[in-house]
Amino acid sequence: WMLDQDGKIYLIECNGTPVLYDPTSPKKQALTTPGLQLYDRLYQEDPENAVVNDTVIIREALRLALRGRVPPKSLWKHLVTIPARGH
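Read on for an overview of the structure. Keep in mind that what you see is a predicted model, and the values were worked out from it rather than measured. (Residues numbered from 1 in each chain as written. Predicted model: local features only at pLDDT ≥ 70, side-chain atom pairs only at ≥ 80, totals over all residues. Heavy atoms only, no water.)

## A short note on a nonpolar patch on the surface
On the surface, Leu3, Ile9, Leu62 and Leu66 cluster together into a nonpolar patch covering about 420 Å² of accessible area. If you trace the backbone, Ile9 turns up in strand 2 (residues 9-10). (Patch = residues over 30% accessible without salt bridge, like charges linked within 9 Å, V, L, I, M, F, W, Y side chains within 5 Å. Areas by Shrake-Rupley, 256 points an atom, 1.4 Å probe, with all protein chains shown as cover. Salt bridge = Lys/Arg side-chain N within 4 Å of Asp/Glu carboxyl O. Helix = DSSP H or I, 4+ residues; strand = E, 2+ residues; numbered from the N terminus.)

Listed below in structure tokens is the structure:
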């Protein structure tokens, strides 16, 4: 997560196929990358066994951003806190 000077929060994700896929979202997610298209196809074929559902990690990320903590058995790991300059 990155917080800008106006207090807006941004999720920064870096990997080979930028994807956060949540098939449970009430708003249909735009399938803008090959990775998202693959994840959606796999989920549609077998929703119970698809390993491409990021719902839990998205919820944990929001809890981290809004409450400053995650459950003890979280997929998120704290790496570093970098204080803002001048604050």
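There's plenty left to go through after this.
## A look at the nonpolar core
Core analysis: the biggest nonpolar cluster contains five residues, these being Tyr21, Leu36, Tyr43, Ala50 and Val52. Once residues lying within four places of it in the same chain are set aside, the contact partners of Ala50 are Leu42 and Tyr43. (Core = buried A, V, L, I, M, F, W, Y, C linked by side-chain atoms within 4.5 Å. Buried < 20%, exposed > 50% of the residue type's maximum accessible area, 1.4 Å probe, protein only. Contact = heavy atoms within 4.5 Å.)

## Observations concerning helix 1 (residues 34-45)
Structural remark: α-helix, 3.6 residues per turn; residues separated by three or four positions point the same way. For helix 1, which comprises twelve residues, the first-to-last C-alpha distance of 16 Å matches the rise-based estimate of 16 Å (1.5 Å per residue) to within 8%. Of the residues that open helix 1, the one with a side-chain oxygen 3.0 Å from the backbone nitrogen of Leu36 is Thr33. (Expected span 1.5 Å × (residues − 1). Polar contact = N/O pair within 3.5 Å; in protein donor to acceptor, adjacent residues only side chain to side chain.)

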